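Spelled out from the first residue to the last, the chains are:
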Amino acid sequence: MSLIDISGNLLFVAFVAYLVATLLIGGSIKSAKPDGAAGRATKWGQLAIIVTIIGFLAHLGYFITRWIYSGQVPVSNMFEFTTAFGMFLIGAFIYMYFMYRVTALGLVALPIALIIIGWAAMFPREVTPLVPSLQSHWLTIHVITAAIGQSILAISAVAGLIYLLKVIDAKKKGKERFWLEAVLYFLVIIVGNIAASVAFNAVGYEDRYSYINKDEIELQIIYNHPPIFGMNESTAITEGAMEPLIEMPAFIHAQKLNIVVWSLLVGTILYVLIRLIARKRIIELLNPLVQKVNLQLFDEIGYRSVLIGFPIFSLGALVFAMIWAQEAWGRFWGWDPKEVWALITWLFYAAYLHLRLSKGWEGKKSAWLALIGFGIIIFNLVVVNLVIAGLHSYA
Amino acid sequence: MEKIVCACGHENPLGTKICSNCGRPLTEEGKSQKVLDMKYDGSAIRSKTHNKSFVDKVWNFFSSVKVGVALIIILLVVASIGTIFPQEFFVAAGTEAGKALYYETNYGSLGTLYYNLGLSDLYSTWWFQVLVGMLGVSIIVASIDRGIPLHKSLTKQRVKRHESFMRRQRIIAEGAVTEGDPSKTLYSVEEKLKKMNYKVRHDGSALLAEKGRFSRYGPYINHVGLIIFLLGVMLHQLPGMHVDESMWIRDGETRAIPGMDGYFLESKKFILETHDNDPTTAQIQQGVAVIAKNYQTDVVLYKQSDDALPGETNNLEVVKEYSIRVNHPLEHDGYSLYQMDYRLNELKEMTFSLTNKETGTVLGNITIDLRNPKSEYVIDENTKVELMEYYPDYTGFNDEGKPQTATPNPNNPAFIFNMITPEKPKGEISFVAIQQTVEGSGASENTYKMAFTGVDTINMSGLTIRMDKTIPLLIVGGFIFLLGLAIGSYWNHRRVWIEQLADGQIRLAAHTNKNWFGIKKEIDALTEYAHLPQYVDQLVDEKEKEKKDE
Ligand code: HEM
């Protein structure tokens, strides 16, 4: 087995471990009934943490073996960066666990990490050779520090989500219930994205088309999802390929749109299925799991993780980024979309911290802000990388 | 100025919420609160005490955290709008019309709107800069407004506090010692607190233990760093603070470096290397054949000797040899030269023969350097070719029927020659473009023509020259910012007040500016060690009660 295969297997082990740990934590909370089973619950919880740590070590093993194999830090394409982000997120969870000894954090942190890793695996996994501007130690330091900062900031959203799941009454109609359910619906959509990709990949679906881009140049494109939306003036190259249902104008990247629509479709079906089977909203389904949570403590964990993450994020995403940009292009700042979105993230968390200075912005409001902050981080990872083109764009 | 006199007799400035001497709440609001608002320890801040004059109003506006947060949010939203479509500096068009066309063709009417509203160059608009400036003012004003009273209240704390203060702290314990001799309690409390790195002060049977006070200055330090950084960014725009030039240099050429007086650069060679990997999925999807591995220009940097005349090139001293690569600029004397661009096989020279159209006799050849054309090329006494006009990047005729050039780069050169020959001493005009040989009016009657015989190409490297005197300021500002951020975030200010009452009972109160979990763990340890009465967290209990009431 070559090093890259070992690396891939370690990542798989990590994934399975996180999955098992999620179930264990769910179990530990479920069994914490007032019938004196508290001791058993903490045992399950501890086991979950041990399994998580094993998963994390395997994940770290993936990272290091891949690094050795390719000779470059594995954070230079979508697959690598996103997988690493998942790893740092688990690391941040473990760190916070040892600080506060609350397993309930894992109830949200682990599934989110699972979704992130699953989503990462949808991207091409081979090692990408580095273009000259990416061959810099400062870049490595910048990307890793920024990702660690982001993952600690993300823990505040984890704590926030748990906080909201407990305080928001799933039986009372209102804006809060709607939006909280919307957040969970969004997570199901990402699962839908993964499910659709896995399914079409399993049946080996692949069609090639040629199309005319907005500069009137003819190019080719591969579809791994059946084309609901076709590229501008697309014609099938593969024999017997499906005709797109709707053809899009040149300024829309129809292949990406197609994936988004498939994700929405599959995700919504999944969501409807959950609702039909459980006969409940997802928040109502999760609500019993968080009943034992100490709200005051989770509010504090949310705040604390922003406090810990913000300086690291500032260092990595702004300071190191500026040093690298100065070295590569002779200007520490160039208003590139990725740079701007790092600045936006930073400003947002600065606003979070200042809002907390006045009493009213603790608890629920603060938890909502943490969720929005995570939304910005994800936007930066997904939309800015894949849709808004720039120097950092991977696609 | 008016004063508020506390029950203990101490005079506090107007606006004070908690007596700085004994800690009694001074406002009705404070007296009705279960837990005191301990921000700035209740001391008066300027913006809360002055609001009469215009200056006061401006001051109060900028010192408000609400306004500060609003500014941050506005900036954030505005900045995000600038990423919807590419900014103008990423667009390759040179002219206003070209830019307008770019936004229209790529993004339709929305693009045109974006361009017309000025959003396509948002970050350099005056109003964006004003927003950043207001943020800066807000940081300065708010920091002065709160920093000074905070500093005062932190440095003159009394040990002994009134029970109305103690009882209104979030963490409070009252009662008898649970075990052992109460007369030893204060002693063991102090011993334990010192072990936990608290600084302990006494006042009779009361003590105040404190640690991490310096962390309260963290936000102010980081704000100072931010201001220094912003100052650097502003200075950058003053003339003479920075150099930002670019140059094209061909293999083998020696040129003066723009913006770097007295220095010359010789390019030995531009090198492009590519990876020899198998194409990756992403490459296939995007139709990218090869991935670049290295862009490099091997150069020699020269300096003119001190007594040389400006522009003189025969008296050059070698400063250093270097290979400029991406991420590895050539650095010298505060200047840096970056590898930014390249052109392979660029047209360098074109050779024409002055040919008699009928007989085919060639009077001579001329070779034109396309970057530095001469105005005339002499073949012999009676024969020469004048270069009347030169269009390096010829794109056809404009509305007035004149030839035009798109860029100064010799991508598609066109020439207007005046051919002076023994037969035609007055000269014959000829228009020559390589792709279209358009003959000007009357050209068909010409006796001679300029026949294209060959072209020479060469590689070119595009370099940028940069110098920025504000960088040190930015480094200092950034460093102070990070330092302050770490101080304010990774340490916290914890205080424990303990008093043994006359009957031996203990009263304990504790406060921290953040991380209650941490201080509670310490007080748990203290309680166990010194057998103190169990404390309550008034906020948690309050929440629990609310829950039950619902
Ligand atoms: C983007 C710009 C800014 C950054 C990065 C920043 C950063 C910070 C940080 C990290 C803290 C500590 C927060 C905490 O520990 O919870 C803080 C506190 C504070 N900031 Fe800012 N700040 C910025 C702008 C402003 C502005 C515009 C104001 C004006 C109102 C302001 C006023 C304050 C105040 C009053 C405090 C509390 C100080 C204390 O606790 O004694 N800041 N700032």
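Values in this document were obtained by computation on a predicted structure and should not be read as measured data.

Enquirer: Looking at this structure, how should I read the pattern of salt bridges?
Expert: A side chain of one charge can pair with a side chain of the opposite charge if their charged atoms are brought near each other. Under the definition given, this model contains 25 salt bridges over all chains. In this structure, Arg66(A) and Glu80(A) form a salt bridge, with 2.8 Å as the shortest nitrogen-oxygen distance. Here Glu80(A) lies in helix H3 (residues 78-100) and Arg66(A) lies in helix H2 (residues 38-70), a separation of 14 residues in the sequence. Lys99(B) is the partner of Glu88(B) in a salt bridge, and the nearest nitrogen-oxygen pair spans 3.6 Å. Highlighted residues: Glu88(B) in the loop between helix H4 (65-81) and helix H5 (96-116) and Lys99(B) in helix H5, separated in sequence by 11 residues.

Enquirer: Explanation requested: the interface of chain B and chain A in the structure shown.
Expert: Often the size quoted for an interface is simply the accessible area lost on bringing the parts together. Counting residues at the interface gives 54 residues for chain B, matched by 60 residues for chain A. Together chain B and chain A conceal approximately 4,900 Å² of surface at their shared face, both sides included; 66% is due to carbon and sulfur atoms. Summed over the shared surface of chain B and chain A, the result is 0 salt bridges. Seen at the junction of chain B and chain A, the total is 12 residue pairs in polar contact (both at pLDDT 80 or more). Looking at which element gives the most residues to the side of chain B that touches chain A, the answer is H4(B), with 8 residues. Split by residue class, the side of chain B that touches chain A holds 32 nonpolar, 14 polar and 8 charged.

Enquirer: Is there a simple way to explain the site of the ligand in this structure?
Expert: By nearness alone, 23 residues border the ligand, and Tyr303(A), His354(A), Tyr220(B), His223(B) and Lys514(B) come closest of all. Close to the ligand, residues of chains A and B are found. The separation between an oxygen atom of the ligand and a polar side-chain atom of Tyr303(A) is 2.8 Å. Note that a nitrogen atom of the ligand is positioned 2.6 Å from one of the side-chain N or O atoms of His354(A). Secondary structure elements with two or more residues in the shell around the ligand: helix H9 (295-329) and helix H10 (337-356) of chain A together with H4, helix H6 (126-155) and helix H9 (218-236) of chain B.

Enquirer: Would you mind going over the sheet that holds strand S7 (residues 254-256) of chain B with me for this structure?
Expert: Pairing between the strands of a sheet comes from backbone hydrogen bonds, and it takes one of two forms, parallel or antiparallel. All names here are of chain B. Spatially, 4 strands are ordered S7-S8-S9-S10 in an open sheet, and the strand pairing comes out antiparallel. Each of the sheet's edge strands pairs with one partner strand only, and the pair in question is S7 and strand S10 (316-325). Neighbouring strand axes in the sheet, compared pairwise and without regard to direction, differ in orientation by 25° on average. For strand S9 (residues 292-304) and S10, the ladder comprises 9 bridges, and the chain directions are antiparallel. The residue of S10 that forms the bridge with leucine 301 is lysine 320.

Enquirer: What is the right way to read the domain arrangement of chain B from this model?
Expert: All names here are of chain B. You can read the domains of chain B as domain 1 (1-42), domain 2 (45-154), domain 3 (166-199 + 492-549), domain 4 (213-236 + 469-491) and domain 5 (242-467). The centre of domain 1, based on its C-alpha atoms, is set 38 Å off from the matching centre of domain 2. Listed as interface residues are 4 residues of domain 1 and, on the opposing side, 5 residues of domain 2. Regarding the contact of domain 1 and domain 2, the summed buried area is about 470 Å², with carbon and sulfur atoms giving 69% of it. Across the domain 1-domain 2 interface, the total number found is 0 salt bridges.

Enquirer: Before we go on, may I ask you to explain the confidence of the model for chain A in this structure?
Expert: Keep in mind that low pLDDT regions are not for reading the predicted coordinates in detail. Mean pLDDT over chain A works out to 88, with 95% of the residues at or above the 70 mark. Every residue in residues 390-395 of chain A scores below 50 in pLDDT, and together they form 22 contacts with partners more than four places removed in sequence or on other chains.

Enquirer: So what exactly am I meant to see when it comes to the coordination of the iron atom of the ligand here?
Expert: Under ideal tetrahedral coordination, the four donors around a metal are separated by 109.5 degrees; under ideal octahedral coordination, the six donors are separated by 90 or 180 degrees. Coordination sphere of the iron atom of the ligand, protein contribution only: His354(A) (NE2) and His223(B) (NE2), at 1.9 to 2.1 Å. One can describe the site at the iron atom of the ligand as octahedral: its 6 donor atoms subtend angles covering 84 to 177° at the metal. Taken together, the residues span two chains, with His354(A) in helix H10 and His223(B) in helix H9. Classification of His223(B) by relative accessible area gives buried; the value is 19%.

Enquirer: Looking at this structure, I do not really get the packing of H10(A) against H4(B). What am I missing?
Expert: Packed helices, taken two at a time, are described by the angle between their axes plus the distance between the axes. Relative orientation of the contacting elements H10(A) and H4(B) amounts to 160°, with a least axis distance of 9 Å. In this view, H10(A) runs roughly antiparallel relative to H4(B), as classed from their interaxial angle. Where H10(A) crosses over H4(B), the two elements pack in a sense that is left-handed. Each of Val340(A), Trp341(A), Ile344(A), Leu347(A), Phe348(A), Ala350(A), Ala351(A), His354(A) and Leu355(A) in H10(A) lies in contact with H4(B), whose residues at this interface are Val65(B), Val69(B), Ile72(B), Ile73(B), Leu75(B), Leu76(B), Ala79(B) and Ser80(B). Grouping the constituent residues of the contact of H10(A) with H4(B) by class yields 15 nonpolar, 2 polar and no charged.

Enquirer: Please clarify how the domain arrangement of chain A should be interpreted in this entry.
Expert: All names here are of chain A. Domain boundaries in chain A define domain 1 (3-170 + 281-386) and domain 2 (178-280). With centres defined by C-alpha atoms, the gap from domain 1 to domain 2 works out at 27 Å. Each partner contributes residues to the interface: domain 1 has 17 residues there, and domain 2 has 19 residues. Together domain 1 and domain 2 conceal approximately 1,600 Å² of surface at their shared face, both sides included; 83% is due to carbon and sulfur atoms. Broken down residue by residue, the surface that domain 1 buries against domain 2 is led by Ile115, Arg281 and Ile282, which jointly contribute 34%.

Each value, and the rule that gives it
- Residues numbered from 1 in each chain as written.
- Chains lettered and ligands numbered in written order.
- Predicted model: local features only at pLDDT ≥ 70, side-chain atom pairs only at ≥ 80, totals over all residues.
- Heavy atoms only, no water.
- Salt bridge = Lys/Arg side-chain N within 4 Å of Asp/Glu carboxyl O.
- Helix = DSSP H or I, 4+ residues; strand = E, 2+ residues; numbered from the N terminus.
- Contact = heavy atoms within 4.5 Å.
- Buried area = accessible area lost by both parts, 1.4 Å probe.
- Polar contact = N/O pair within 3.5 Å; in protein donor to acceptor, adjacent residues only side chain to side chain.
- Nonpolar A, V, L, I, M, F, W, Y, C, P; charged D, E, K, R; others polar.
- Near = heavy atom within 4 Å.
- Pairing = 2+ DSSP bridges.
- Axes fitted to C-alpha atoms, helices over the stretch in contact; angles between N-to-C directions.
- Domains from an automatic or database assignment.
- pLDDT = per-residue confidence, 0-100.
- Donors = N, O, S within 2.8 Å, 3.2 Å for Na, K, Ca; no water.
- Tetrahedral: all angles 85-135°; square planar, octahedral: opposite > 155°, others 65-115°.
- Buried < 20%, exposed > 50% of the residue type's maximum accessible area, 1.4 Å probe, protein only.
- Parallel < 35°, antiparallel > 145°, perpendicular 65-115°, else oblique.
- Left-handed = near helix turned anticlockwise from the far one by under 90°.

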